[in-house]
Amino acid sequence: MISYQGKNVVIIGLGITGLSCVDYFLAQNVIPKVIDTRSSPSGLEQLDKRVAHHLGGLNINWLLEADLIVASPGIALSTPELQKAAEKGIEIVGDIELFCREVNQQVDKKIVAITGANGKTTVTTLVGEIIKAAGIKVGVGGNIGQPALTLLTQDCDVYVLELSSFQLETTNSLQATVATILNISEDHMDRYPLGLKQYVQAKQRIYHNAKYCLINYDDKLTLPTDHHTDLLSFGVHHGDYHISEGYDCLIANEQPVLTTKQMQLTGCHNYLNALAALAIADKLMIARQSSLTTIANFHGLPHRFELVFEKNGVQWINDSKATNVGSTEAALKSVICQGKLFLLLGGDGKSADFSPLLPYLQNRNLEIFCFGRDRQLLAKLAPNITSMTETLAQAMQMIAQKVVSGDVVLLSPACASLDQYKNYIERGKQFALLAEQFSQRCEQ
């Protein structure tokens, strides 16, 4: 373990990640200080009594007296107080940097690093399942599940990390065996005042010192800006790993390896997620057949383009996790429909610009149902094929009377759920429940 003995360490942000940082330093007999801008942060009751804490704002004196600041991903490096600390030469890192420094000291430990605007949680989870099924000790965490530092106690052979752009900003020592940016779309622009270029630069940090870089053939923004020779690619119809022209087979290095009918996952973007996972597994030298078996049996994650009900030739797909326009774009690119597509949009749009959806609503057999707070704004996208209801349930009741074999009902709201639900999970669960209920009523 790298020693921080004698260092004055300040941690910004509690929660499970902040607590993992506290535990990491306490294990070295270093007692840090903790700052949280919230007056009553989660994890406060679990904080060791020896650790001094400051709540409700940033303690500039503590920051300027620190030798090392461990900042939560939620706080921007452009925050004036952190800028002052940086100008003074105080080192500012995140928990991922602390984790990478430790792993770099260990022989034969591998890191898989995954980022992207969409799909990174699915790919991270699937890669973890592939490695586990191969009998290799694996730890999965970072931006999902367990904080990275807690994985150090598990003596894993491979660590699979989902990383956000915020986490990458404070990470300098990452040396991934395989690193990938799955895709890029505008997100978190409030954090990146210089626009998309600044956001891409943050994402590109994942490639630094990586052995292999996995890029999206169809998204040039995922190509490393620094010279890198060990590239491999995945894409829809091009790349080392791609989908057949008929979307019926996964192709790896020009060889058909798995038909999409054998897969539990559905939709083009999920086929891409599977290809990315397979490419990573191949570079980890995992037996191909073992990887393919895991991919075929992987059901995906709840509320992410999840086929929750199918009856009488009608598919009901729950993509409630699509809380922004980019996620709904991905769903509309991916959905495969022989009949009519019934699209459910609605909720709290968070002042988003919905116009990027327009190209995906044209020239297709489509009917739209808009519900929730911003239903009127959404209905303006294509008023001639749109109905409005106050609730999701009302919209689904209308749809259930119309669907015939070959149709697809897609909940991909492009909005947050908080206007009518506790979270996107509750919204997705209601969709799944109502899909089954209304389908049964229509038969009676």
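Structure first, text after, so check above.
Each chain has its residues counted from 1, running along the sequence as written. Note on the predicted model: pLDDT of at least 70 is required for a residue's local features to be given, and 80 or more for side-chain atom pairs to be given and counted; whole-chain, interface and lining totals, by contrast, use all residues. For the side-chain quantities, the full set of heavy atoms in the structure was used; hydrogens and water were omitted.

Caption draft 1: Spotlight on the pattern of salt bridges. Within this document, salt bridges are pairs made up of a side-chain nitrogen of Lys or Arg and a carboxyl oxygen of Asp or Glu, the two lying within 4 Å of each other. Under the defined criterion, the tally for this structure stands at ten salt bridges. Taking the shortest distance from any N to any O, the salt bridge between Asp 36 and Arg 38 comes out at 2.8 Å. A relative accessible area of 2% means that Asp 36 is categorised as buried. Residue Lys 340 pairs with Glu 367 through a salt bridge whose shortest N-O separation is 3.2 Å. Here Lys 340 is found in the loop between helix H11 (325-334) and strand E17 (341-346), whereas its partner Glu 367 is found in strand E18 (residues 366-371), with 27 residues between them in sequence. The rule is simple: take the accessible area with a 1.4 Å probe, protein chains only, and divide by the maximum for that residue type; under 20% is buried, over 50% is exposed, in between is partly exposed. Only DSSP runs of H or I covering at least 4 residues are called helices, and only runs of E covering at least 2 are called strands; the numbering of each starts at the N terminus.

Caption draft 2: Examining the side chain of Asp 95 more closely. Within the fold, Asp 95 resides in helix H4 (residues 95-104). In what follows, residue pairs with any heavy atoms lying within 4.5 Å of each other are defined as contacts. Contacts of Asp 95, omitting those with residues within four sequence positions, involve Thr 17, Cys 21, Val 70, Ala 148 and Leu 149.

Caption draft 3: Spatial organisation of the packing of helix H1 (residues 15-26) against H4. In the contact formed by H1 and H4, the axes pass within 10 Å of each other and the chain directions differ by 40°. By the angle between their directions, the pair H1 and H4 is classed as oblique. As for the relative orientation of H1 and H4, their crossing is left-handed in sense. The residues of H4 that touch H1, namely those facing Thr 17, Cys 21, Tyr 24 and Phe 25, are Asp 95, Leu 98 and Glu 102. Residues were grouped as follows: Ala, Val, Leu, Ile, Met, Phe, Trp, Tyr, Cys and Pro as nonpolar; Asp, Glu, Lys and Arg as charged; and all remaining residues, including Gly, as polar. In the contact of H1 with H4, the residues fall into four nonpolar, one polar and two charged. Helix axes are fitted to C-alpha atoms over the stretch in contact, other axes to C-alpha atoms as well, and angles between N-to-C directions run from 0 to 180 degrees. Note on angle classes: values under 35 degrees are labelled roughly parallel, values over 145 roughly antiparallel, values of 65 to 115 roughly perpendicular, and the remainder oblique. Here a crossing is called left-handed whenever its near helix is offset anticlockwise from the far helix by less than a right angle, and right-handed whenever the offset is clockwise.

Caption draft 4: The arrangement of the environment of His 238 in detail. By secondary structure assignment, the location of His 238 is in the loop between strand E11 (231-235) and strand E12 (241-243). Residue classification places His 238 among the partly exposed positions, given a relative accessible area of 45%. His 238 sits 41 residues away from Lys 197 along the chain, and the two C-alpha atoms are 25 Å apart.

Don't take any of this as a statement about function, it's just geometry.
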